[in-house]
Structures are given as C-alpha cells and as structure tokens.
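Listed here are the chains, written in short residue letters.
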Amino acid sequence: MSARWGCGYAGRVLLVDLTAGRSTIEPLDHGVARRFLGGRGLNMRVLYDEVTPGVHPLSPENRLMFATGPLVGTHFPGACRVNVSARSPLTGILGDSNAGGFFGPELKYAGFDQVIIQGRAPRPVYLFITDEGAHLRPAEHLWGLDVWETQQAIRSELGDEGVQVGVAGPAAENGVLFAGVFFNLARPAARTGMGTVMASKNRKAVAVRGRGMVRVADPAAFASLVGTADAAIFAHPEYDARRRLGTTRLVRALHGLGCLASFHFRTGCFPGVDRVSGERLAATYRVKGKACFGCTIPCSRFFRIESGPFAGLASEGPEFEGLAGFSSRVGNDDLAVALRAIDMCNRYGMDVISASEAISFVMELGEAGLVSSREADGLDLRWGNANTILALLEKICRREGIGDVLAGGVRRAAELIGRGSERYAMHVKGLEVFQADPRGIKGYALGVAVASRGGDHLRSEPWFELTGDSEEATRRFGEAEAAQRLSPRGKGRLVKYYEERCALADCLQVCKNTLVNMEILPYDQAACILAAATGWEFSEEELQASCERLVNLERCYNARLGLGRADDTLPDRFTREPLPPDSGPSAGSVVELDQMLDEYYLARGWDLSTGLPKGETLSRLGLEISVNPGAAAPGGCS
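Throughout what follows, the structure given in this document is the object of discussion. As the structure is a computational prediction, the values presented were derived from the model and not from experiment. (Residues numbered from 1 in each chain as written. Predicted model: local features only at pLDDT ≥ 70, side-chain atom pairs only at ≥ 80, totals over all residues. Heavy atoms only, no water.)

Things to note about the pairing of strand β4 (residues 82-87)
Note the following rule: Three labels apply to residues, based on accessible area from a 1.4 Å probe with only protein chains included: buried if under 20% of the type maximum, exposed if over 50%, partly exposed otherwise in between. Numbering of helices and strands runs from the N terminus, with a helix taken as a DSSP run of H or I at least four residues long and a strand as a DSSP run of E at least two residues long. Criterion used throughout: strands pair if DSSP finds at least two bridges between them.
Burial of β4 is extensive: six of the six residues sit out of reach of the surface. Examined bridge by bridge, strand β3 (residues 64-67) and β4 share three bridges and lie antiparallel to one another. From the neighbouring strand, M65 faces β4, where its bridge partner is S85. Sheet topology places β4 next to strand β5 (residues 94-99); six bridges connect them, and they run antiparallel.

Printed below as a string of structure tokens:
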C-alpha cells in the first residue's frame with residue numbers, strides 16, 4: 001500500500017513569521033513524517049534543525065510549534081492531543097508539553113499537521129487559523145485577561161462558540177517561567193514554560209476553526225481496528241476505576257505505598273489523605289464525568305463547590321498532579337482550598353507541578369529557618385496555611401515580592417536565596433519533579449533522571465514496576481525484579497521500553513492512559529492502524545525504531561547544549577536520605593541511581609562515561625548527525 005497524502009495526515013504545515021506579519025503554507029515533508037510519525041516527533045525535528053544553541057529561549061528566533069498526529073481527528077479513542085514545543089525558558093534545554101481536549105482535532109480539520117511560529121509581533125496579537133491559513137488579529141484588549149476571560153472574549157469576537165483556543169495567561173505575560181498554553185480552560189500544555197515563550201512573542205492566543213475532515217486510507221479496516229481497541233478498553237480491569245476517578249485515584253494509592261509527595265518529600269504518607277483523596281472529591285464535589293474528543297473513558301470530571309468560602313467555584317478536573325500538589329505536597333488537608341489553588345493556576349496559566357513545588361519549597365525553607373516571614377512578605381510559612389498558599393500564587397503570577405523570586409522556578413530561586421537552599425530545591429535539569437516520591441518507585445526515579453525535558457515522569461511512565469509480575473518481567477525485560485518497585489534491577493531496560501511507548505503516544509497523539517498505562521495498542525496493532533489511516537505500511541520493528549530515533553534525537557539536542565551523564569541526576573534527598581519510618585512499606589528506601597544509569601545506557605547503546613549516544617547507535621537509527629557536546633549546561637532564563 002502506498003501513502004495517500006491527505007489520509008491520516010492533513011499534509012500541510014503552517015509557517016508564521018510574527019515579525020514580518022506574514023504566513024505561508026508548505027506541504028508536510030513525507031520523509032520527515034515517515035521517520036518521526038507526527039506530533040512530538042515533528043516538533044523535535046524542527047527544534048534540532050532550526051533552534052541552535054545560540055538561540056535564546058525568549059528571543060524572536062526561538063520557534064514555538066504546535067503539532068498533531070496522524071490519528072488525531074479520527075474516532076480512534078483518545079486521539080486528540082497536541083504537542084507544544086520550543087526551547088524552554090525555564091530549563092534552557094528542550095521544551096515540550098502535551099495537552100488533550102479538542103484543539104488538536106480542530107487543527108486537523110483546518111488542514112494542518114503542524115504550526116511553526118517565529119519572530120515577535122510589534123504589538124499584542126492573536127492568531128486565528130482557518131482552512132485558508134493564518135490571520136493575525138489585534139490583542140491589546142485581551143492583554144491582562146485570564147485564560148477563561150480570553151477564551152470567551154475570542155469566541156464572542158469571532159461569533160463562534162466552537163472555536164478552539166489556546167491561551168497564554170497573565171502569568172506568561174508577566175514572565176513567570178513555568179507558564180503554559182491552556183486549552184479548553186483547564187487542559188494545559190503546562191510544562192517547561194511554553195506559555196512564556198508564546199507571550200514573549202507578543203502573542204496572547206491561538207484560535208482555530210476548521211471546516212474539513214480527516215480521511216483514512218482504508219475506512220473498513222480502520223473501523224474494525226478501532227472497534228478492537230474500544231473493546232479492549234472496556235474490558236480492561238482498570239476501566240471502571242479510571243472512569244470514576246481518573247488520575248485522582250493515585251492520591252490514596254501512593255499514600256498506601258508510602259511514596260506520596262508529602263510535606264515537600266519529607267515523608268511518603270499524608271495523615272490527611274482521606275480528606276483530599278480522589279474518592280473524597282468524587283463523593284463531595286463531582287457533578288459528572290468529562291472526556292476529551294473521541295475518548296471512551298470520561299476520566300476527567302466537572303466539579304462544583306456548593307458551600308463555604310469557595311461556594312460557586314466550578315471547573316473541570318483536577319488531575320492527580322494538581323490535587324496532590326496543593327494538598328499533600330504543601331501539607332494542606334482542606335480539599336476546597338486545593339481546588340481553589342488549582343483553579344487559580346488554570347486561570348493565571350501556571351503549571352501546577354512547578355507552582356506547588358515553589359510553595360512547598362519556601363515552606364520548608366521557613367521551617368528550616370532559611371527564609372523568615374519578613375522575607376516572605378509577612379506570610380505565615382507553616383505547612384498547609386491556606387492564606388499563604390493562595391497569596392503565594394497571586395504573588396508568583398504578578399512577580400511581586402517573594403513571588404518574584406519563585407517565578408523563575410526553584411532552581412533559580414535557590415540561586416537567589418543561597419544559604420544552602422539548593423538542597424531543598426526538588427528539580428532535575430531545572431524542571432520541578434512530580435507528586436510521587438522517587439524513592440518508592442525506582443523505575444520512575446530513573447525515568448525522571450534521564451527525561452529529555454527535565455524532571456518529568458511522562459517521558460517514560462514505567463507503570464509496570466507496580467505490577468509485581470515477576471514472570472512477565474523476566475519475559476519482557478530479562479529480569480524478574482523489573483516488576484518490583486523498590487528494586488533497582490532491570491529498570492534500565494524497563495525505562496527504555498516505556499520511553500519509546502511514550503514517544504509513540506506523543507507522535508500519534510493518543511492518550512497515554514490507554515496507549516501506555518493500559519497498553520491497548522501494541523506495536524503490531526499500531527502498525528496496522530497506521531497503515532489503515534495513512535496507507536503506509538509499517539513493520540512492528542520499523543515503528544519501534546521511529547520511537548527510539550526520537551529519543552536519541554532529543555538526547556543529541558540536549559547534548560549540544562552541554563548535557564550528559566552528570567546531568568542525569570536527582571536531588572540529594574532522593575539518593576542519600578532514606579524515606580522516614582512513617583512512610584509505610586517504602587520506609588528506608590533510597591534511589592540507587594548510578595546502578596540504574598549504567599544499565600539504561602547499555603540498553604540504549606550510549607556511552608557509559610558520557611551518557612551520550614554512540615556513533616553506531618545513531619547510524620543504526622538513520623540519524624546522520626554527530627554528537628557535539630556543548631561547553632556548559634544552559635541554565636535557562638533569568
């Protein structure tokens with residue numbers, strides 16, 4: 001079967017130069033699409049080729065990219081996502097984030113696989129994309145509005161409630177380095193500061209409305225394969241729990257394992273867990289379930305608070321990261337306060353992981369006597385203080401007082417504060433780590449240490465280590481202990497495998513809940529669905545090699561900025577301080593990182609001493625590039 005352009009892929013790339021105020025449409029390169037599949041793969045190829053080490057993240061020369069995948073806009077379950085990528089102002093390295101909702105399909109219906117934006121507009125604008133191309137519209141009247149206000153204003157202005165909008169909120173306008181691009185009010189591409197890059201280009205939002213459709217090469221085969229995937233999802237043993245609770249079920253689950261981020265990783269259990277769990281949220285405030293475009297699992301939810309100081313607060317969500325971030329991580333056991341904090345992040349356009357780390361970081365500094373209440377603008381820095389949590393979010397958004405110190409992320413805040421505060425900053429490569437304690441899930445610990453965008457769990461998501469299935473672990477990874485979360489053995493091969501599964505999800509733009517965590521689409525079936533969608537024949541091995549190629553390309557990009565093995569690390573707390581006795585079944589655990597790194601580099605075909613891809617590895621993957629390590633780690637923006 002030969003490729004039929006216009007099947008699966010839209011076949012067009014929109015190029016926008018904000019400085020010149022013009023846009024052009026170019027055909028999607030067949031060769032690039034074949035080798036990098038879509039979404040994150042397309043964006044990383046442009047990032048490597050066009051954003052050289054001398055390009056400052058907030059300069060007009062940085063590229064800001066939006067890309068979908070070949071299944072987006074079809075009825076394949078969960079194929080709705082979009083990747084937003086650029087060089088990150090927060091970390092200084094590869095920046096990338098992914099969001100669900102409805103924006104991705106709408107971009108495909110407008111006839112575009114990717115949008116690449118460069119330059120800086122002389123005054124605030126927003127970009128309106130239709131089937132005919134890009135239209136730049138004035139946005140002075142939108143500057144300063146929050147995410148929700150901006151979306152509604154644009155829809156009203158265009159007279160179309162069906163327009164999909166991605167917004168940079170006021171935090172991005174003010175230069176908060178962990179500001180995201182927010183879609184559908186509460187579905188953010190939140191990580192690594194992509195909203196900050198967008199605002200630096202004087203662009204408030206991107207809106208899209210399409211009139212077209214996504215065709216597939218073999219409709220009958222495609223429908224049959226979708227039916228198979230739907231049936232596998234409905235029959236999965238986790239289906240009901242995911243439908244009822246989504247990711248919020250992890251609050252209680254990780255507490256039970258003794259590795260829930262609690263009091264800024266000082267322990268793995270949270271005494272107030274039953275007051276802030278996903279189960280409590282479902283019983284108290286949940287109104288109904290919500291799903292992304294075309295998904296069979298309505299794992300999100302709509303909630304409303306009917307009484308108390310936050311009566312009337314209603315929104316979509318939250319996910320686990322926000323819920324745990326503003327409860328256990330900061331020591332708060334008031335669910336309504338956590339929901340209010342998450343709502344503020346959504347409206348201001350800030351990443352809940354970075355924001356909750358910033359607040360818990362300064363609370364621990366207060367407890368340790370390294371920051372006084374006076375230095376924190378008179379705030380009470382004791383754990384869980386609701387007024388302090390909400391006031392700090394306001395201050396960070398506006399970059400006022402202590403908020404200005406925290407707005408650049410905790411790595412930069414520790415540099416400004418000094419006094420030994422660096423040891424309390426929970427980040428990897430400048431990106432704040434998630435809401436699980438790596439000491440209790442060592443495959444995740446390795447994944448966070450080596451992730452191409454910094455301290456991130458969604459580049460690998462090696463959930464298999466929680467199964468305890470030694471027989472299956474031996475079959476898949478040659479090591480029974482790969483299925484034991486507290487063992488370092490077998491984790492190198494485990495993380496390599498799941499990094500490539502995550503790359504597949506991000507390229508096809510299918511939800512990781514189904515493709516990675518539920519393993520609904522193995523490589524052979526993925527090759528079949530791609531063939532039915534695009535007309536391209538893929539072997540299972542070729543498809544897996546495309547994912548491995550992407551991971552290596554990202555490694556080469558960061559290597560060019562000076563990163564290598566020495567940067568694949570974790571905060572000392574995770575490698576040197578055992579989880580305390582009150583951490584249940586994870587008590588006493590630390591991360592044996594060097595042992596896992598060696599196994600990981602061997603599995604990847606990377607040099608053990610430098611952590612960089614060997615020439616033969618790049619040649620095997622058809623990457624005709626050389627690894628040229630930069631002189632120094634980049635460090636991000638000030």
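Points about the packing of aromatic side chains
To be explicit about the condition: For Phe, Tyr and Trp, where Trp contributes only its six-membered ring, two rings pair if their centres lie within 6.5 Å, and the inter-plane angle classes them as stacked under 30 degrees, edge-to-face over 60, or tilted in between. Note on criteria: charge over ring means Lys NZ or Arg CZ within 6 Å of the ring centre, with the direction from the centre no more than 35 degrees off the ring normal.
Across all of its chains, the model carries 19 aromatic pairs by this definition. Here the aromatic rings of Y497 and Y498 are separated by 4.9 Å at their centres, their planes lie at 85°, and the arrangement is edge-to-face. Plain terms: the ring middles of Y600 and W606 are 5.6 Å apart, the flat faces sit at 90° to each other, and that makes the pair edge-to-face. The burial state of Y600 is the same as that of W606; both residues are buried. Counting every residue linked through ring pairs, the aromatic cluster contains W463, F464, F477, Y497 and Y498. Taking NZ or CZ as reference, R12 lies 4.3 Å from the ring centre of F112, over its face. If you follow R560 out to its NZ or CZ, it ends over the ring of Y48, 4.2 Å from the centre.

Concerning the environment of Q164
This is how it is decided: By definition in these notes, contact holds between two residues if any of their heavy atoms fall within 4.5 Å. In protein, a polar contact means a hydrogen-donor-capable atom and an acceptor-capable atom, both N or O and within 3.5 Å, with residues adjacent in sequence counting only if both atoms are side-chain atoms; elsewhere, any N or O pair within 3.5 Å suffices.
Within the fold, Q164 resides in strand β9 (residues 164-167). Judged by its relative accessible area of 9%, Q164 falls in the buried class. When the C-alpha atoms of Q164 and V206 are compared, they prove to be 8.4 Å apart, with 42 residues separating the residues in sequence. Setting aside residues no more than four positions away along its own chain, Q164 makes contact with F102, F103, E106, R155, N184, V206, A207 and V208. Within the local environment of Q164, its side chain forms a polar contact with the backbone oxygen of G162, the two atoms lying 3.4 Å apart. Polar contacts involving the side chain of Q164 include one to the side chain of N184, which spans 2.8 Å.

Quick notes on the pattern of salt bridges
Inclusion rule: The working definition used for a salt bridge is a side-chain nitrogen of Lys or Arg within 4 Å of a carboxyl oxygen of Asp or Glu.
Scanning the model with the defined rule gives 54 salt bridges in all. Note that R249 and E238 form a salt bridge whose closest N and O atoms lie 3.4 Å from each other. Here R249 is found in the loop between α8 (239-245) and α9 (250-257), whereas its partner E238 is found in the loop between α7 (219-235) and α8, with eleven residues between them in sequence. The class of E238 is partly exposed, set by a relative accessible area of 25%. It is possible to trace a salt-bridge network through shared partners that takes in R40, D96, R459, D506, K512 and E554.

Side note on the pairing of strand β8 (residues 133-138)
Note: strand β7 (residues 125-130) against β8, six bridges, orientation antiparallel. Counterpart to T130 in the pairing with β8 is G133. Taking the residues between adjacent antiparallel strands as the criterion, β7 and β8 are bridged by two residues.

Details of the sheet that holds β3
Strand pairing in a sheet relies on backbone hydrogen bonds, with the paired strands running either antiparallel or parallel. Here is the rule we go by: Only the stretch in contact is used when fitting a helix axis, every axis being a line fitted to C-alpha atoms; angles between N-to-C directions are given from 0 to 180 degrees.
Read from one edge to the other, the open sheet built from six strands follows the order β2-β1-β6-β3-β4-β5, with strand pairing classed as mixed. Edge strands, defined here as strands with exactly one partner in the open sheet, are β2 (22-27) and β5. Here the average twist between neighbouring strands, direction ignored, is 15°. Pairing analysis gives six bridges linking strand β1 (residues 12-17) to β2, with the strands arranged antiparallel. Across the sheet, D17 pairs through a bridge with R22, a residue of β2. Strands β3, β4, β5 and β6 (114-118) of the sheet are contacted by helix α2 (residues 40-50), whose axis makes an angle of about 15° with β4.

Describing the nonpolar core
Our working definition: For this analysis, a nonpolar core means a set of buried residues of the types Ala, Val, Leu, Ile, Met, Phe, Trp, Tyr and Cys, connected via side-chain atoms within 4.5 Å.
Among the nonpolar cores identified, the biggest contains 192 residues, and F66, F76, I129, F326, M350 and F361 are the most heavily contacted of them. Take this core: its biggest share by element is ten residues, from helix α13 (residues 335-348). Ignoring any residue separated from it by four or fewer positions in sequence, one finds M350 in contact with A171, V176, F178, A179, F182, C345, L393, I396 and C397. Of all hydrophobic cores here, the second largest spans 14 residues; its members include L142, V147, W148 and L158.

So, unusual backbone geometry
The omega torsion across G317 and P318 is -5°, close enough to zero to call that bond cis. Relative to the helices and strands, P318 is located in the loop between β15 (314-316) and α12 (320-325). Positive phi values are uncommon outside glycine, yet L185 reaches one of about 70°. One can find L185 in the loop between β10 (181-183) and β11 (187-189). Despite not being glycine, F265 shows a phi value in the positive range, around 65°. Here F265 lies in the loop between α9 and α10 (273-276).

Quick word on the packing of helix α22 (residues 523-534) against helix α23 (residues 540-560)
Cut-off, in case you're wondering: In these notes the angle categories are as follows: under 35 degrees is roughly parallel, over 145 is roughly antiparallel, 65 to 115 is roughly perpendicular, and the rest is oblique. Under the scheme applied here, ten amino acids are nonpolar (Ala, Val, Leu, Ile, Met, Phe, Trp, Tyr, Cys and Pro), four are charged (Asp, Glu, Lys and Arg), and all others, including Gly, are polar.
At a minimum axis separation of 8 Å, α22 and α23 run at an interaxial angle of 95°. Relative to α23, the element α22 lies roughly perpendicular. Together, Y523, D524, A526, A527 and L530 of α22 and E540, L543, Q544 and C547 of α23 make up the contact between the two elements. Along the lines of polarity and charge, the residues of the contact of α22 with α23 split into six nonpolar, one polar and two charged.

Structural notes on α23
Condition: Between the first and last residue of a helix there are one fewer steps than residues, each counted as 1.5 Å, and that sum is the expected span.
The end-to-end C-alpha separation of α23 is 31 Å, in line with the 30 Å expected for 21 residues at 1.5 Å each. With respect to burial, α23 is a largely interior element, 16 of its 21 residues being buried. Residue G562 follows α23 closely and has a positive phi angle near 105°.

Notes on α2
Of all eleven residues in α2, nine are buried, a share of seventy percent or more. Among all positions in α2, only R40, G41, L42, N43, M44, R45, V46, L47 and Y48 are buried.

Examining the environment of F326
Relative to the helices and strands, F326 resides in the loop between α12 and α13. Expressed as a C-alpha distance, the spacing of F326 and R81, which sit 245 residues apart in the sequence, is 26 Å. If we ignore the near neighbours within four places in the chain, the residues touching F326 are N332, A338, A341, I342, C345, V352, A355, S356, I359, I389 and L393.

Remember that the coordinates give geometry; whether it matters functionally is a separate question.
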